Amino acid sequence: FRSDDDEVINEEESADDGTDDDGNANDDEFPHRDLDEYLEWVHGYYSDLRFEPHHADTLRNHLTRDLLKESLTLGCDYMAANQKEAGNFRYQYDFVKQQSDPDDSPVRQAGALWGMTLCFQAMPHNTLYRTAVEKGMLFFQDHTVNGPIPGSHMIEYPDFDESQSGVNALYGLSLVDYLRTIRDNGLAESTTSANLSEENLRLQLDRSIRFLRYMQNDDLHFSEEYYFETEEKSEDSSPYYDGETLRS
């Protein structure tokens, strides 16, 4: 037997547990804010957070150099294992279905190559990583065409009708970090392919930069993509591509 008062009390207790009926946090902690109020609110929220000293000690005890190196190696090994024979990478793996996703994305392919290059930079004597990087570079070289201005070139990724500025920027970053790695570790002489010679890669980097400079507009943003059919660049820009291009 339960009285009506008991039911009211239980409902009130349920309402005060910090969650709604779906178990989500109430809006009292994360209130809805207009866009012009949000940044000020989130700054105040994070400024008020306090972390106990023992939490920092726990992180120092667990985030060791050996653990971080092991984590990096596992991630790099995963990327290298997911490189296709052609030189590009499997888009993603569905752990639930236990199968690869056949989808593709040029900018994520170029990002994967850059990530693989950073793996090689972190472990410059790992021949598996170097082979993966060079294989990826040869893939992008095979899909490079003349750009819209003399001395420039751009990536023409298979089955796509445009060359994205982000793709070319990330490929350029791969060239920068690969060249830096072989220079800093005295590995230039061990290059076996003329296409991967320092001279050729520097030429490719220069041509990529020329294309990216062409893609910059009067407002200093960079056009998101260049259309092969119309031979025009888009009016739209992307903060992602802008950042990647400026970094390269």
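Below is a summary of the structure that appears in this document.

Definitions and cut-offs
Residues numbered from 1 in each chain as written. Predicted model: local features only at pLDDT ≥ 70, side-chain atom pairs only at ≥ 80, totals over all residues. Heavy atoms only, no water. Helix = DSSP H or I, 4+ residues; strand = E, 2+ residues; numbered from the N terminus. Buried < 20%, exposed > 50% of the residue type's maximum accessible area, 1.4 Å probe, protein only. Contact = heavy atoms within 4.5 Å. Areas by Shrake-Rupley, 256 points an atom, 1.4 Å probe, with all protein chains shown as cover. Phe/Tyr/Trp six-rings, centres within 6.5 Å; stacked < 30°, edge-to-face > 60°. Expected span 1.5 Å × (residues − 1).

## Remarks on the overall build of the chain
For the chain, the count of helices and strands is nine helices and seven strands. Scored against the burial criterion, the 248 residues of the chain give a buried share of 33%. Nonlocal contacts in the chain, meaning residues at least 24 apart in sequence, comprise 57% of its contacts between residues at least 6 apart. When the accessible surface of the chain is split by element, carbon and sulfur atoms take 48% of a total near 16,600 Å².

## With respect to the packing of aromatic side chains
What the rule picks out here adds up to seven aromatic pairs. Taking the centre distance of 5.8 Å and the plane angle of 35° together, the rings of Phe120 and Tyr178 count as tilted. Placement of Phe120 in helix α5 (residues 106-122) and of Tyr178 in helix α7 (residues 165-184) is noted, with a sequence separation of 58 residues between them. Here Phe120 matches Tyr178 in class, with each residue buried. Pairing Tyr157 with Phe160 gives two aromatic rings, centres 5.8 Å apart and planes at 70°, and the pair type is edge-to-face.

## Quick word on unusual backbone geometry
For Asp159, which is not glycine, the phi torsion reads 70° and is therefore positive. For Asp159, the position within the fold is in the loop between β4 (153-155) and β5 (162-164). Positive phi, close to 55°, is recorded for Glu231, a residue that is not glycine. Of note, Glu231 is situated in the loop between β6 (225-227) and β7 (232-233). Of the residues examined, Glu231 reaches a relative accessible area of 59% and is grouped as exposed.

## Quick word on α5
The end-to-end C-alpha distance of α5 is 24 Å, a good match for the 24 Å that 17 residues give at a rise of 1.5 Å each. Burial runs high along α5: twelve of the 17 residues are buried. By the burial criterion, the buried members of α5 are Pro106, Val107, Gln109, Ala110, Ala112, Leu113, Trp114, Gly115, Met116, Thr117, Cys119 and Phe120. For α5, the elements touching its buried residues are α4 (65-81), α6 (127-142), β5, α7 and α9 (239-247).

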